[in-house]
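# Chain and residue survey
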Amino acid sequence: MNFKVIDLSQEIFQGMSVFPMHQPTFIMSNMTHEQNMKDTGSTTLGFSARNLLLSEHCGTHCDAVWEYKPSGDTIDNMPLEYFFGSAICIDLSNIPYSRYIEPDDIKKSIQKSGQEINEGDIVLLYTGHYNRNYGTNKWQTEYSGLSYEGAKYLADCGVVNIGVDAPAIDHPNDINFSGHLVCGEYDITNTENLCNLEKVVNKRFIYFGLPLKIRSGSGSPIRAIALVE
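These lines cover the structure that appears in this document, whether it is placed above or below. Each chain carries its own residue numbering, running from 1 in the direction its sequence is written. Reporting of local features is limited, given that this is a predicted model, to residues whose pLDDT is at least 70; pairs of side-chain atoms are given and counted only at 80 or more, and all residues count toward the totals for whole chains, interfaces and linings. Remark: hydrogens and water are excluded; side-chain values derive from all non-hydrogen atoms of the structure.

## Quick word on the overall build of the protein chain
Of the regular secondary structure elements, the protein chain holds 6 helices and 11 strands. For the protein chain, the C-alpha radius of gyration of 19 Å lies close to 17 Å, the compact-globule estimate for 229 residues. Seen along its three principal axes, the alpha-carbon backbone of the protein chain occupies a region of about 65 × 45 × 35 Å. Burial classes follow relative accessibility: with a 1.4 Å probe on protein chains only, a residue under 20% of its type's maximum area counts as buried, one over 50% as exposed, and anything between as partly exposed. Split into buried and exposed, the 229 residues of the protein chain put 48% on the buried side. Intrachain contacts of the protein chain at a sequence separation of at least 6 include 75% that bridge at least 24 residues. Accessible surface is estimated by sampling points in the Shrake-Rupley manner with a 1.4 Å probe; for residues, cover comes only from the protein chains shown. Split by element, the accessible area of the protein chain, about 11600 Å² in all, is 51% carbon and sulfur. In this text, helices come from DSSP runs of H or I with a minimum length of four residues, and strands from runs of E with a minimum of two, each type numbered from the N-terminal end. Atoms considered for the radius of gyration are the C-alpha atoms alone. The globule rule reads 2.2 Å times the number of residues to the power 0.38. In what follows, residue pairs with any heavy atoms lying within 4.5 Å of each other are defined as contacts.

Pasting the structure below:
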């Protein structure tokens, strides 16, 4: 079986947009090739490396249940099956940022896609926000998000990971963070800041978005990819 690899991950760089409550990203030089050669005395080979200061929730990342539920698992203790496996992507790009994504929106999108949600699936929500607003001042403020009922519908279908091409699965006006609230109630994860979802929309594919094994972590940056047959 042949697969095409599609990168669903945003870049990590100093100056990148980060959700307001999280640590900005800083990248610093550790050593240069020239400095390392001087330090080691080598005349043939030098090593270069950088230091990263970043949030567990910068860029394309997944959340540990512990982030939003004190009794939940940290990222190093969560089932790896939540971060890879069979996935579908549904088209919700018609939903304006002024309103929430409701169960009927999800049902219509699934029906239109010709797919169905199976127990244990990963479901990615293509809202079009990355394509429209990434790199603009609208990125952190003008996107749709799941209502409590919308998130609960996905959880009741057996979804273990809800992904989105926006800074959060919640609506930015939702001070109750309903999507995360539901993830805590069902002990499932979510993945935020995806991109290129237009390349997998209305398809079933194999998804990989494995977290780093951060001890007691609240989440982790990931390299998310889709394997499309």
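## Considering the state of the cysteines
In what follows, a disulfide is any cysteine sulfur pair within 2.5 Å. Across all of its chains, the model carries 0 disulfides by this definition. Its sulfur unpaired, Cys157 is 14 Å from the next cysteine sulfur, which belongs to Cys183. Assessed through its relative accessible area of 21%, Cys157 is described here as partly exposed. Its sulfur unpaired, Cys195 is 12 Å from the next cysteine sulfur, which belongs to Cys89. Since its relative accessible area comes to 3%, Cys195 is described here as buried.

## What about the packing of aromatic side chains?
Between 30 and 60 degrees the pair is tilted, below 30 it is stacked and above 60 it is edge-to-face, where a pair is any two Phe, Tyr or Trp rings, Trp via its six-membered ring, whose centres lie within 6.5 Å. One pass over the full model with this rule turns up 4 aromatic pairs. Relative to Trp139, the ring of Tyr130 has its centre 6.1 Å away and its plane inclined at 85 degrees; by these criteria the two rings are edge-to-face. Here Tyr130 falls in the partly exposed class, since its relative accessible area comes to 21%. Look at Trp139 and you get buried, because its relative accessible area is 2%.

## Quick look at a nonpolar patch on the surface
Patch rule: a residue counts if its relative accessible area is over 30% and it has no salt bridge; like charges are joined within 9 Å, and nonpolar side chains (Val, Leu, Ile, Met, Phe, Trp, Tyr) within 5 Å. One side-chain nitrogen of Lys or Arg within 4 Å of one carboxyl oxygen of Asp or Glu is enough to make a salt bridge. On the surface, a cluster of nonpolar side chains totalling about 260 Å² of accessible area is made up of Phe26, Met28 and Leu53. Counting through the fold element by element, Leu53 comes out in strand β3 (residues 49–53). Since its relative accessible area comes to 39%, Leu53 is described here as partly exposed.

## A closer look at the environment of Gly120
Assignment of secondary structure puts Gly120 in the loop between α3 (103–113) and β6 (122–126). When its relative accessible area of 36% is taken as the criterion, Gly120 is described as partly exposed. Taking the C-alpha atoms as reference, Gly120 lies 16 Å from Leu210; in sequence the two are 90 residues apart. Residues in contact with Gly120, not counting those within four places in the same chain, are Gly158 and Val160.

## Topic: the side chain of His129
For His129, the position within the fold is in helix α4 (residues 129–133). The buried category is assigned to His129, whose relative accessible area is 1%.

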